[in-house]
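Examination of the molecular architecture
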Amino acid sequence: MKVLEKRAKDTTDGTAADALDIRGLGLSLGPVPLLADVTVRVARGETVGLVGESGSGKSLTARSALGMLPRGARATGRVTVAGRDVLGAGRAALRDVRRHRAAMVFQDPRSAINPVRRVGDHLTEGLRARGVPAKAARSRAADLLAQVGIRDPRGALRRYPHEFSGGMLQRVMIAGALAAEPDLLLADEPTTALDVTTQAEVVGLLRRLQAERGTGMLFVTHDLDLAAAICDRIYVMYAGRIVEEAPGAALFAEPAHPYTRALLEASPSLHGRAEIRAIKGAPRALAEAPSGCAFRDRCPRAVEECAAGVPETRSHGLSAVACLRPGKEAA
Amino acid sequence: MSGAGKGLPSGATGGAPLLEVAGLVKRFGSFTAVDGVDFTLLPGQSLGIVGESGSGKTTVARILAGLEHQTAGTVLLEGRPLGGRSRRDRLRQAAALQMIFQDPYGSFDPRRTVAESVAEPLRLHAPGPAAARRARVAELLDQVGLNERLGAALPRELSGGQRQRAAIARALAVRPRVLILDEAVAALDVSIQAQILTLLDGLRRDTGIAYLFVSHDLAVVRYLTDSALVMRGGQVVERGETEDLLRAPRHPYTRLLLDSVPGPGWDPDRVAAGRRALDVP
């Protein structure tokens, strides 16, 4: 019911904007560039994957939605969450975004929750800050725990984080993230620290809750298979830039960027082909990347023009790809 | 483009078992981490141990590496019981069996260069002229794809993938017959993981070394092993040729593990239901 009321309100005050709209985001720390020209959009009710290796900038991008930039970083471009500007936001506006609009689920639940406070305190904190009376907040928190599949939710409120397994604690964190009924859920490798069978439960839960509430979800992961299995659209990042955007299934069937293709060929698979093909070299951060296309020194299809400038994004099949020679035809 | 890891010419595995593990039990207080595990590892064979956290797979690896002592059961390494405490016994065991960890950072002396660390086991096992040792270190580093400059670097100056290469070089220094790899590629980026996997595959092809490959990742196990054990709650619930195990799992837990791996048409809710069904005995 609450969800419906909130949606109705949103349309009346004209904020049917995308859950997340990042346009041309650039980020630098002194002379060191971190992100360049990153554009990511998450519609309401949509699950969008942000995939990349270490240093690609995927976590930085996700954090920018909460205005969490590295200390001293300079940002250009635009970031809005449910229509509200984040980069230019003052303290009060930023607090509103973090309290009501966007919530984050981190990789390691144990390092994201205060270990000496009861789970109930963690869950009611945000609600109390919004002025919900203590008793109502507790009963709401118990509801949330029940929704994420915690047995005996009332009892769980009184327990400490160490009394939960990793998978159960991640459910608690998801309950906490959803307490504010955010427009946008940011999930940064939320299942990487969990066992495979637990991963399926947590992902299933995220998907179900998100579908019920019409929340937009940005799912940050290094796992292409996982992203393809659950995301409507996927962005692939390399060295601080978006190199490809495609519908989840299409990315697998027809990867357009040589990096995406190389990642797929480097991943061991359970079905079909058993061989893998390693990519030479190591993933780069933006500051260490070569001029022009950042992938060109590792790319089997690179030609001289690739050094001339950063390739413009063009469409290729179902993808939008930043490459001069996309596709799979032999070089 | 070698094809999958099982590229050893047929007949290359065989001979007297390198490792014979029988009735292995390890208890920590009242908790039984390993509960009656048996297997043998033949020369040149690559055996996977698959399981989730708490399955006991790492404890098995640690017992074999001599880092834990079993509560019951026997482990024979090249026909002789493992666990001798004398210097001679430990040297003999280390010369036959080496271990690679998930993050080797903690096992390198931070103040020594990579080359010095790789030379250390040579000094212990094969005393001889320094020049010969230096030549062998250079050969080892080259074998794992590290150049001279990286050999002269300190561990902290290396990336995760390079550090794992250094750990492999050091483990290979004494020409062991078995390498125990505990989640050795789990912390690496996909593109780096592929480099280490192809390196390990090539090493086995070239040297006939045997692997005991402990991992939670079924796709990686498929790539690198011929046969595998599936462990749960300290026990082996299923064993067989890796390819058969993955194509036609018989135990519901193996099936659950397989279903848990995301892929096209993946249904997390079905996995969750399967898991709940297994949790109720």
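What you are looking at is a predicted structure, and each value in this text was computed from that prediction instead of being measured.

A short note on the nonpolar core
- Within the largest apolar cluster, 118 residues are counted, with the highest numbers of intra-cluster contacts made by A:Leu145, A:Ile174, A:Phe219 and B:Ile168.
- In this structure, B:Ile168 is in contact with B:Ile100, B:Val144, B:Ile196, B:Leu199, B:Leu200 and B:Leu203, ignoring residues within four places of it in sequence.
- Counting residues in hydrophobic clusters, the runner-up holds 29 residues, among them A:Leu27, A:Met104, A:Leu184 and A:Leu218.

Some words on the interface of chain B and chain A
- Each partner contributes residues to the interface: chain B has 35 residues there, and chain A has 36 residues.
- Summing the contributions of chain B and of chain A, the shared interface buries around 3,000 Å²; its carbon and sulfur component is 63%.
- Between B:Arg275 and A:Glu201 there is a salt bridge, and its shortest N-O distance comes to 3.3 Å.
- Here chain B and chain A share 13 residue pairs in polar contact (both at pLDDT 80 or more) between them.
- With 8 residues, the top contributor of residues to the side of chain B that touches chain A is helix 7 (residues 190–207) of chain B.
- For the side of chain B that touches chain A, the residue count by class is 20 nonpolar, 9 polar and 6 charged.

So, the pairing of strand 10 (residues 241–247) of chain A
- Where strand 9 (residues 233–238) of chain A and strand 10 of chain A come together, 6 bridges link them in antiparallel fashion. Following the sheet pairing, A:Tyr238 is matched in strand 10 of chain A by A:Arg241.

Here's the deal with a positive patch on the surface
All names here are of chain A.
- Together, Arg 118, Lys 135, Arg 138, Arg 154 and Arg 158 give the surface a local cluster of positive charge.
- Within the element layout of this structure, Lys 135 appears in helix 5 (residues 134–147).
- Take Lys 135: its relative accessible area is 75%, and that puts it in the exposed class.

As for the packing of aromatic side chains
- One pass over the full model with this rule turns up 3 aromatic pairs over all chains.
- Where A:Tyr238 meets A:Phe295, the ring centres are 5.2 Å apart and the plane angle is 80°; that geometry is what we call edge-to-face. You can see A:Tyr238 sitting in strand 9 and its partner A:Phe295 sitting in the loop between helix 11 (258–266) and strand 11 (314–316), a full 57 residues away along the chain.
- Taking relative accessible area as the criterion, A:Phe295 reaches 1% and is therefore assigned buried.
- When the ring of A:Tyr259 is compared with that of A:Phe295, the centres are 5.1 Å apart and the planes differ by 65°; the resulting orientation is edge-to-face. Here A:Tyr259 is found in helix 11, whereas its partner A:Phe295 is found in the loop between helix 11 and strand 11, with 36 residues between them in sequence.
- Judged by its relative accessible area of 0%, A:Tyr259 falls in the buried class.
- Every member of this aromatic cluster is reached through a ring pair, and the members are A:Tyr238, A:Tyr259 and A:Phe295.
- The positively charged end of A:Arg159 is found above the aromatic ring belonging to A:Phe164, 4.9 Å away from the centroid.
- If you follow B:Arg170 out to its NZ or CZ, it ends over the ring of B:Phe108, 4.1 Å from the centre.

Regarding the pairing of strand 9 (residues 227–232) of chain B
All names here are of chain B.
- Within strand 9, 5 of the 6 residues are buried, leaving the element largely enclosed by the surrounding structure.
- Pairing geometry for strand 3 (residues 46–50) and strand 9, over 4 bridges, is parallel. Across the sheet, the residue bridging to Leu 47 is Ser 227, located in strand 9.
- Where strand 9 lies against strand 10 (residues 235–241), 6 bridges are found, and the strand directions are antiparallel. Its bridge partner being in strand 10, Ala 228 is matched across the sheet by Gly 240.

Some remarks on the pattern of salt bridges
- By the definition in use, this model includes 29 salt bridges over all chains.
- When the shortest N-O distance is used, the salt bridge between B:Lys57 and B:Glu183 registers 3.9 Å. Of the two residues, B:Lys57 sits in helix 1 (residues 57–64) while B:Glu183 sits in the loop between strand 7 (178–182) and helix 7, which places them 126 residues apart along the sequence. A single burial state applies to B:Lys57 and to B:Glu183, both of which are buried.
- Taking the shortest distance from any N to any O, the salt bridge between B:Asp226 and B:Arg204 comes out at 3.1 Å. In this pair, B:Asp226 sits in the loop between helix 8 (218–224) and strand 9 while B:Arg204 sits in helix 7, placing the two residues 22 residues apart along the sequence.
- Three or more residues joined by partner-sharing salt bridges are found here, namely A:Arg44, A:Arg84, A:Asp96, A:Arg101 and A:Asp183.

Here's the deal with the sheet that holds strand 4 (residues 72–77) of chain B
All names here are of chain B.
- Reading across the sheet, the 4 strands line up as 2-1-4-5 and stay open at both edges, with antiparallel pairing between neighbours. Each end of this open sheet is capped by a strand with a single partner; those strands are strand 2 (31–41) and strand 5 (80–81).
- Here strand 1 (residues 19–28) pairs with strand 4 via 5 bridges, running antiparallel. Residue pairing across strands places Leu 19 opposite Leu 77, the latter belonging to strand 4.
- Set on the sheet, helix 1 makes contact with strand 1, strand 2 and strand 4; between it and strand 1 the angle comes to about 115°.

What to know about the packing of helix 3 (residues 114–125) of chain B against helix 6 (residues 160–172) of chain B
All names here are of chain B.
- With their axes 8 Å apart at the nearest point, helix 3 and helix 6 run at an angle of 25° to one another. Classed by the angle they form, the pair helix 3 and helix 6 counts as roughly parallel. As for how helix 3 packs across helix 6, the hand of that crossing is right-handed. Counted together, Val 114, Ser 117, Val 118 and Pro 121 of helix 3 and Ala 166, Ala 169 and Arg 170 of helix 6 form the full contact between these two elements.

Observations concerning the confidence of the model for chain A
- Put simply, chain A has an average pLDDT of 89, and 94% of its residues get 70 or more.
- Long-range and interchain partners of residues 1–15 of chain A, a stretch whose pLDDT sits below 50, account for 22 contacts in this model, where long-range means more than four residues apart.

A closer look at the packing of helix 8 (residues 196–213) of chain A against helix 10 (residues 252–260) of chain B
- Remark: helix 8 of chain A packs on helix 10 of chain B, axes separated minimally by 8 Å, with the N-to-C direction vectors making an angle of 50°. Taken as axis vectors, helix 8 of chain A and helix 10 of chain B run oblique relative to one another. Taken as a pair, helix 8 of chain A and helix 10 of chain B cross one another with a handedness that is left-handed. In contact with A:Val196, A:Thr197 and A:Gln199 of helix 8 of chain A, helix 10 of chain B contributes B:Leu256, B:Leu257 and B:Ser260.
- Here the contact of helix 8 of chain A with helix 10 of chain B is composed, by residue class, of 3 nonpolar, 3 polar and no charged.

Considerations on the sheet that holds strand 5 (residues 84–85) of chain A
Residue and element names in this part refer to chain A.
- The 4 strands are arranged 2-1-4-5 in an open sheet whose pairing can be described as antiparallel. Looking at the sheet topology across the chains shown, the edges are occupied by strand 2 (32–42) and strand 5.
- Pairing between strand 4 (residues 73–81) and strand 5: 2 bridges, direction antiparallel. Each bridged residue has a counterpart across the sheet, and for Val 81 the counterpart in strand 5 is Arg 84.

Some details on unusual backbone geometry
Residue and element names in this part refer to chain B.
- Phi at Arg 175 is positive, roughly 50°, even though this residue is not glycine.
- As for its position among the elements, Arg 175 is in the loop between helix 6 and strand 7.
- With relative accessibility at 57%, the residue Arg 175 sits in the exposed group.

What counts as what
- Residues numbered from 1 in each chain as written.
- Chains lettered and ligands numbered in written order.
- Predicted model: local features only at pLDDT ≥ 70, side-chain atom pairs only at ≥ 80, totals over all residues.
- Heavy atoms only, no water.
- Core = buried A, V, L, I, M, F, W, Y, C linked by side-chain atoms within 4.5 Å.
- Buried < 20%, exposed > 50% of the residue type's maximum accessible area, 1.4 Å probe, protein only.
- Contact = heavy atoms within 4.5 Å.
- Buried area = accessible area lost by both parts, 1.4 Å probe.
- Salt bridge = Lys/Arg side-chain N within 4 Å of Asp/Glu carboxyl O.
- Polar contact = N/O pair within 3.5 Å; in protein donor to acceptor, adjacent residues only side chain to side chain.
- Helix = DSSP H or I, 4+ residues; strand = E, 2+ residues; numbered from the N terminus.
- Nonpolar A, V, L, I, M, F, W, Y, C, P; charged D, E, K, R; others polar.
- Pairing = 2+ DSSP bridges.
- Patch = residues over 30% accessible without salt bridge, like charges linked within 9 Å, V, L, I, M, F, W, Y side chains within 5 Å.
- Areas by Shrake-Rupley, 256 points an atom, 1.4 Å probe, with all protein chains shown as cover.
- Lys, Arg positive; Asp, Glu negative; His and termini not counted.
- Charge placed at Lys NZ, Arg CZ, Asp CG, Glu CD.
- Phe/Tyr/Trp six-rings, centres within 6.5 Å; stacked < 30°, edge-to-face > 60°.
- Lys NZ or Arg CZ within 6 Å of the ring centre and 35° of its normal.
- Axes fitted to C-alpha atoms, helices over the stretch in contact; angles between N-to-C directions.
- Parallel < 35°, antiparallel > 145°, perpendicular 65-115°, else oblique.
- Left-handed = near helix turned anticlockwise from the far one by under 90°.
- pLDDT = per-residue confidence, 0-100.

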